[in-house]
Amino acid sequence: MNGRYIVLEGQDATGKSTLANRLAEHYRRQGRKVVVMHEPDGDLPSAKVLRTLLKKKAYDLDPHSLVLLFTAARNELWRKLAEPCLAKDGVVISARNWWSTLAYQGYGFGIDLGFIEELTRKCLPERYVSPDWGVILVLDDAERDKRRFGREYDSSKDTYESQCDDFQRAVTNSYYKIAKKYRVPVMDASPPPDELFRNVLKLFMQNAPD
């Protein structure tokens, strides 16, 4: 199996992007080719257009449409960025994958979980569905709110961050269910970035093949 596909999952403000960049630096220092993706965004014009549709609250898309568009975005990223990198024994680091759709559109908006999984499996390969390494980052509500509201970002215009507290709690709880069903480790995201990076790297190394 070529390369290494790594997924960093969790709600907004849990440090996924910072951690993805730290891991990318680590593997580049080893001389590895690295691709970093932030689903549904990536270094593709098509992905950037889809991200705008998916994130901007003003478009008011139906939750089923969101599922379809997310699947289209990740298919673009996987086929055009991830697979070529993995074929060259590179490292693909993704902040989010289809587990986010289970959490937000499934548990949050009430779309059938089986539909989401079936669609994902029909459109993408098993390598995408079951990453080589994955971790779900979690924070308690108070710390996550502190980080969210401390950013220079207008969350009122965001499709997901503008949702009510009940929606946010449903998503929070969903990640523990997803972790259990798909056997994804859960990690406390409250340590400083350097410590979190070391903790996650240690976790991955413990699961490295012999």
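Being a predicted model, the structure only gives us computed values, none of them experimental.

Quick word on the confidence of the model for the protein chain
Item 1. Residues of the protein chain with pLDDT of at least 70 account for 93%, and the chain-wide mean is 90.
Item 2. Looking across the protein chain, the model is least confident in helix 7 (residues 141-149), with a mean pLDDT of 78, and most confident in helix 5 (residues 113-123), with 98.

Here's the deal with helix 8 (residues 165-182)
Item 1. Here helix 8 contains 18 residues, and its C-alpha end-to-end distance of 26 Å stays within 8% of the 26 Å for a straight helix at 1.5 Å per residue.
Item 2. Within helix 8, the full set of buried residues consists of Phe167, Gln168, Val171, Thr172, Ser174, Tyr175, Ile178 and Ala179.
Item 3. In this structure, the buried residues of helix 8 make contact with strand 1 (4-10), helix 4 (98-108), strand 4 (133-138), helix 7 and strand 5 (186-188).
Item 4. The first or second residue beyond helix 8 is Arg183, which carries a positive phi of 55°.

Some words on the packing of aromatic side chains
Item 1. Under the counting rule described, the total for this entry stands at seven aromatic pairs.
Item 2. For the pair Phe109 and Phe167, a centre-to-centre distance of 4.8 Å together with 45° between the ring planes defines the contact as tilted. Note that Phe109 is positioned in the loop between helix 4 and helix 5 and Phe167 in helix 8, a separation of 58 residues in sequence.
Item 3. Of the residues examined, Phe167 reaches a relative accessible area of 5% and is grouped as buried.
Item 4. Measuring from ring centre to ring centre gives 5.2 Å for Trp133 and Phe204, while their planes differ by 15°; the resulting arrangement is stacked. A residue pair is termed long-range when its members are at least 10 positions apart, and Trp133 in strand 4 and Phe204 in helix 9 (residues 193-206) qualify at 71 residues. For the residue pair Trp133 and Phe204, the accessibility class agrees, reading buried in each case.
Item 5. Three or more aromatic residues link up through ring pairs in this structure, and these residues are Tyr5, Trp78 and Tyr128.
Item 6. Over the ring of Trp133 we find Arg4; its NZ or CZ atom is 4.4 Å from the centre of that ring.

Quick look at the packing of helix 2 (residues 45-55) against helix 3 (residues 63-87)
Item 1. Two elements in contact, helix 2 and helix 3, have axes whose closest approach is 10 Å; the angle formed by their N-to-C orientations is 160°. Considering the angle they form, helix 2 stands roughly antiparallel to helix 3. In this structure, the crossing between helix 2 and helix 3 has a hand that is left-handed. Each of Ser46, Ala47, Leu50, Leu53 and Leu54 in helix 2 lies in contact with helix 3, whose residues at this interface are Leu66, Leu69, Phe70, Ala72, Ala73, Glu76 and Leu77.
Item 2. In the contact of helix 2 with helix 3, the residues fall into 10 nonpolar, one polar and one charged.

A look at unusual backbone geometry
Item 1. Following Glu39, the chain continues into Pro40 via a peptide bond in cis, with omega recorded as 10°.
Item 2. On the secondary structure map, Pro40 appears in the loop between strand 2 (34-38) and helix 2.
Item 3. In this structure, Ala13 takes a positive phi of about 75° despite not being glycine.
Item 4. Turning to its location among the elements, Ala13 is positioned in the loop between strand 1 and helix 1 (16-29).
Item 5. A positive phi angle, near 55°, is found at Arg183, a position not held by glycine.

Examining a negative patch on the surface
Item 1. Together, Asp140, Asp141, Asp165, Asp188 and Glu195 make up a region of like negative charge exposed at the surface.
Item 2. With respect to the helices and strands, the residue Glu195 is situated in helix 9.
Item 3. Accessibility expressed as a relative area gives 35% for Glu195, which makes it partly exposed.

Brief notes about the pairing of strand 3 (residues 91-95)
Item 1. Most of strand 3 is tucked away, with five of its five residues classed as buried.
Item 2. Pairing geometry for strand 1 and strand 3, over five bridges, is parallel. Residue pairing for strand 3: Val7 is matched across the bridge by Ser94.
Item 3. Summarising the sheet, strand 2 and strand 3 pair through five bridges and their orientation is parallel.

Conventions adopted
Residues numbered from 1 in each chain as written. Predicted model: local features only at pLDDT ≥ 70, side-chain atom pairs only at ≥ 80, totals over all residues. Heavy atoms only, no water. pLDDT = per-residue confidence, 0-100. Helix = DSSP H or I, 4+ residues; strand = E, 2+ residues; numbered from the N terminus. Expected span 1.5 Å × (residues − 1). Buried < 20%, exposed > 50% of the residue type's maximum accessible area, 1.4 Å probe, protein only. Contact = heavy atoms within 4.5 Å. Phe/Tyr/Trp six-rings, centres within 6.5 Å; stacked < 30°, edge-to-face > 60°. Lys NZ or Arg CZ within 6 Å of the ring centre and 35° of its normal. Axes fitted to C-alpha atoms, helices over the stretch in contact; angles between N-to-C directions. Parallel < 35°, antiparallel > 145°, perpendicular 65-115°, else oblique. Left-handed = near helix turned anticlockwise from the far one by under 90°. Nonpolar A, V, L, I, M, F, W, Y, C, P; charged D, E, K, R; others polar. Patch = residues over 30% accessible without salt bridge, like charges linked within 9 Å, V, L, I, M, F, W, Y side chains within 5 Å. Areas by Shrake-Rupley, 256 points an atom, 1.4 Å probe, with all protein chains shown as cover. Salt bridge = Lys/Arg side-chain N within 4 Å of Asp/Glu carboxyl O. Lys, Arg positive; Asp, Glu negative; His and termini not counted. Charge placed at Lys NZ, Arg CZ, Asp CG, Glu CD. Pairing = 2+ DSSP bridges.

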